[in-house]
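Chains, contacts and geometry: an overview
Read off the chains here:
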2 protein chains.
Amino acid sequence: MRELDVIRAIGGLLPAAPEEVLVPVGDDCAVVRFGEAVWVAAADMLVEGHHFLPGRTSPEDVGYKAVAVNVSDVAAMGGVPRFVLCSGGAPEAEAVLRCFRGVVEACAAFGVYPLGGDTTRAGALTVDVAILGEVPGGEPVLRSGAVPGDLLAVTGELGTAAAGLLALQRGEGGFGRLVRRHLRPEPRVREGLEAALLGVHAMIDLSDGLATDAGHLCERSGVGCRIDLLRLPVAGDVRRLAGEDAEVLAATGGEDYELLISAPEQTLQELARRISVPLTVVGEVVEGGEVSFHRGGEPVEGLAGWDHFRA
Amino acid sequence: MRELDVIRAIGGLLPAAPEEVLVPVGDDCAVVRFGEAVWVAAADMLVEGHHFLPGRTSPEDVGYKAVAVNVSDVAAMGGVPRFVLCSGGAPEAEAVLRCFRGVVEACAAFGVYPLGGDTTRAGALTVDVAILGEVPGGEPVLRSGAVPGDLLAVTGELGTAAAGLLALQRGEGGFGRLVRRHLRPEPRVREGLEAALLGVHAMIDLSDGLATDAGHLCERSGVGCRIDLLRLPVAGDVRRLAGEDAEVLAATGGEDYELLISAPEQTLQELARRISVPLTVVGEVVEGGEVSFHRGGEPVEGLAGWDHFRA
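Residues numbered from 1 in each chain as written. Chains lettered and ligands numbered in written order. Predicted model: local features only at pLDDT ≥ 70, side-chain atom pairs only at ≥ 80, totals over all residues. Heavy atoms only, no water.

**Let's talk about the interface of chain A and chain B**
Each side of the interface is counted separately: chain A has 63 residues, and chain B has 63 residues. Taking both sides of the interface into account, the surface hidden between chain A and chain B amounts to around 5,300 Å²; carbon and sulfur atoms contribute 71%. The interface formed by chain A and chain B holds 2 salt bridges in total. Ionic pairing is found between Arg82(B) and Glu20(A), a salt bridge with its closest N-O pair at 2.4 Å. (Contact = heavy atoms within 4.5 Å. Buried area = accessible area lost by both parts, 1.4 Å probe. Salt bridge = Lys/Arg side-chain N within 4 Å of Asp/Glu carboxyl O.)

Written out as structure tokens, the structure is:
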């Protein structure tokens, strides 16, 4: 049984949503109305040995990242992150405290307030963050709005976090920027907010890798897409580390926490003017349900993402 | 370092709360204003081998309990539980799915809607639930309002869950009711709501055991209390299992998830009329900061609760 099968099976158990729930589980966040305001909510759990390397990742980094990846989910809805609840467990109380230091540091960095949580003993360092964000315009961007004719664009750069993980695993020095991007993601809150205000059609954050996440977006939208590996924004140090594999790493490596946005060309041009990180068109939305990759026209097969229960 | 030290140290890291946060971390829930409405929020994490017995607790029970204990935190504020976010991890995907079945079952039982969450692989079954509840009257009951002259009362019965755990550990048959109360707590939502509407002074749910939780309530209120072991509501089957230790079990055993309420005598009398579970006066609030136990007037020393990092 794979992670998506578990998630699908869980989805089948859910009761009908109450009327305040505008979008139930299945997008980057659920969407819920509190009075006049529209809020989004999500949670992500990180576990030592599965989501990060024991001994090479500090508890502070783990706590920081747990908040950052949740902030990224809010960003992908066009929301502003506001509150988190955080639970942490570890074999030693000191590790839990260090993890919470990272949580609080990330909260300060992203303007989020920690409402509460839990601490416990656990066999491995484990942290779960639940987040609440507000959608200022009241119109969150879903995964499901992509239509044929849209272009697909990504913020920032791809493959950076995967390259950082590779450098950490190999113990290779000189790639501090990449390692830092792996340990301390930079969720695209301002960019997501601008995208929402411009009415982009669909958006998702790149946690599992472009190949997998483009699949999620296309599945929810009932469309397919064509992505050109040669157009992926890959930085020089990623190319230096990964060599010929750099584009594949950029297409499949997880945890970049950039945004993948589907919108008409003009909207993307306007968005690019409003944000400070690069926005790069990497492909187009097409009819059908297939996510296909090509390299300057030549088809490329076999790109796939990350599954927690398969890995 | 003990759990309370960790929690205190984390508390020292927190920034100033934004103005919507009416009560920050430190009570059963944080209290936050969303528009016109007052909401409460909390989270609790359960980890196999620390919070439940591997092999003798089904993943469904673990999921159910994770929701129930959070519902209890909302009940202790006088809130109505509304939404949860739930993250679960286990070595096998099937165990995660079974855990989520328990989560969904509990959500149905308590009228809560699961907004989302996360699934992952982990070395041990782990589940974290974050909960949001609404406070209908807008006035949550805090731990901090107890004043000398109040009486202390508990809902339901004490020592039942600890006795159930004991029966499970010993493998003793014939105590199905106790085991069930250990595995599937019955949070006192209606009772907490009535207590809030009647304006009781202070309230806390009994997760760590009466001795410890009375200490939390007294510390936050700046008072002490005197509790009579002979007045504790202990059921016949608990006495049969625990023998002479029954009252000590009732005073120190965790996870009953009953409510401890501090209020004037008249208020408690009115509350007792409005609820269907028994309400039992077990002691009184006094000046000073000490939690003392006696047995019909004779002092009893050395009663203390549960610490996740000490156990």
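**Describing the environment of Gly156(A)**
All names here are of chain A. For Gly-156, the position within the fold is in the loop between β7 (151-155) and α4 (160-170). Under the relative-accessibility criterion, Gly-156 is labelled buried at 8%. Gly-156 sits 123 residues away from Leu-279 along the chain, and the two C-alpha atoms are 6.3 Å apart. In contact with Gly-156, not counting residues within four places along its chain, are Arg-188, Pro-233, Glu-258, Val-277 and Pro-278. (Helix = DSSP H or I, 4+ residues; strand = E, 2+ residues; numbered from the N terminus. Buried < 20%, exposed > 50% of the residue type's maximum accessible area, 1.4 Å probe, protein only.)

**Notes on the domain arrangement of chain A**
All names here are of chain A. For chain A, the assigned domains read domain 1 (3-134) and domain 2 (151-300). For domain 1 versus domain 2, the distance between C-alpha centres works out to 22 Å. Tallying the contact residues gives 26 residues for domain 1 and 24 residues for domain 2. Counting the surface lost from both domain 1 and domain 2, the interface buries some 2,000 Å², and carbon and sulfur atoms represent 54% of this. For the domain 1 face of the interface with domain 2, the top three residues by lost area are Arg-56, Lys-65 and Ser-72, together amounting to 23%. Between the two partners, domain 1 and domain 2, sit 4 salt bridges. (Domains from an automatic or database assignment.)

**Considering the side chain of Asp44(B)**
Inspection of the secondary structure assignment puts Asp44(B) in strand β3 (residues 37-47). Residues in contact with Asp44(B), not counting those within four places in the same chain, are Ser87(A), Asp118(A), Val69(B), Asn70(B), Asp73(B), Val127(B), Asp128(B) and Val129(B).

**Observations concerning helix α6 (residues 189-197) of chain A**
Residue and element names in this part refer to chain A. Along α6, the residues that are buried comprise Val-189, Glu-191, Gly-192, Glu-194, Ala-195 and Ala-196. The inward-facing, buried residues of α6 contact α2 (59-75), β4 (80-90), β7, β8 (202-205), β10 (259-263) and α10 (265-274). Residue Gly-199 follows α6 closely and has a positive phi angle near 75 degrees.

**Looking at the relation of the copies chain A and chain B**
Superposition record for chain A on chain B: RMSD 0.0 Å, screw rotation 180 degrees, translation along axis 0.0 Å. What the superposition gives is, in effect, a two-fold axis relating one chain to the other. Comparing interface residues between copies, 100% of those in chain A also sit at the interface in chain B, which points to an isologous, same-surface contact. (Least-squares fit on C-alpha atoms with pLDDT ≥ 70 in both.)

**As for the side chain of His294(B)**
Residues and elements named next belong to chain B. One can find His-294 in strand β12 (residues 291-295). Separated by 3.3 Å, the side chains of His-294 and Arg-226 make a polar contact. Among the polar contacts listed, one links the side chain of His-294 to the backbone nitrogen of Gly-297, at a separation of 3.0 Å. If near-sequence neighbours (up to four positions away) are discounted, His-294 is found in contact with Arg-226, Ile-227, Asp-228, Leu-229, Pro-299 and Val-300. (Polar contact = N/O pair within 3.5 Å; in protein donor to acceptor, adjacent residues only side chain to side chain.)

**Considering the packing of aromatic side chains**
Summed over all chains, the structure comprises 11 aromatic pairs over all chains. Look at Phe34(A) and Trp39(B): their rings are 4.6 Å apart centre to centre, the planes differ by 50 degrees, and that puts the pair in the tilted class. Residue Phe34(A) is found in strand β2 (residues 30-34), and its partner Trp39(B) is found in strand β3; the two belong to separate chains. As far as burial versus exposure is concerned, Phe34(A) and Trp39(B) are alike and both buried. Three or more aromatic residues link up through ring pairs in this structure, and these residues are Phe34(A), Trp39(A), Phe83(A), Phe34(B), Trp39(B) and Phe83(B). We note Arg184(A) situated over the ring of Tyr64(A); from NZ or CZ to the ring centre the distance is 4.3 Å. (Phe/Tyr/Trp six-rings, centres within 6.5 Å; stacked < 30°, edge-to-face > 60°. Lys NZ or Arg CZ within 6 Å of the ring centre and 35° of its normal.)

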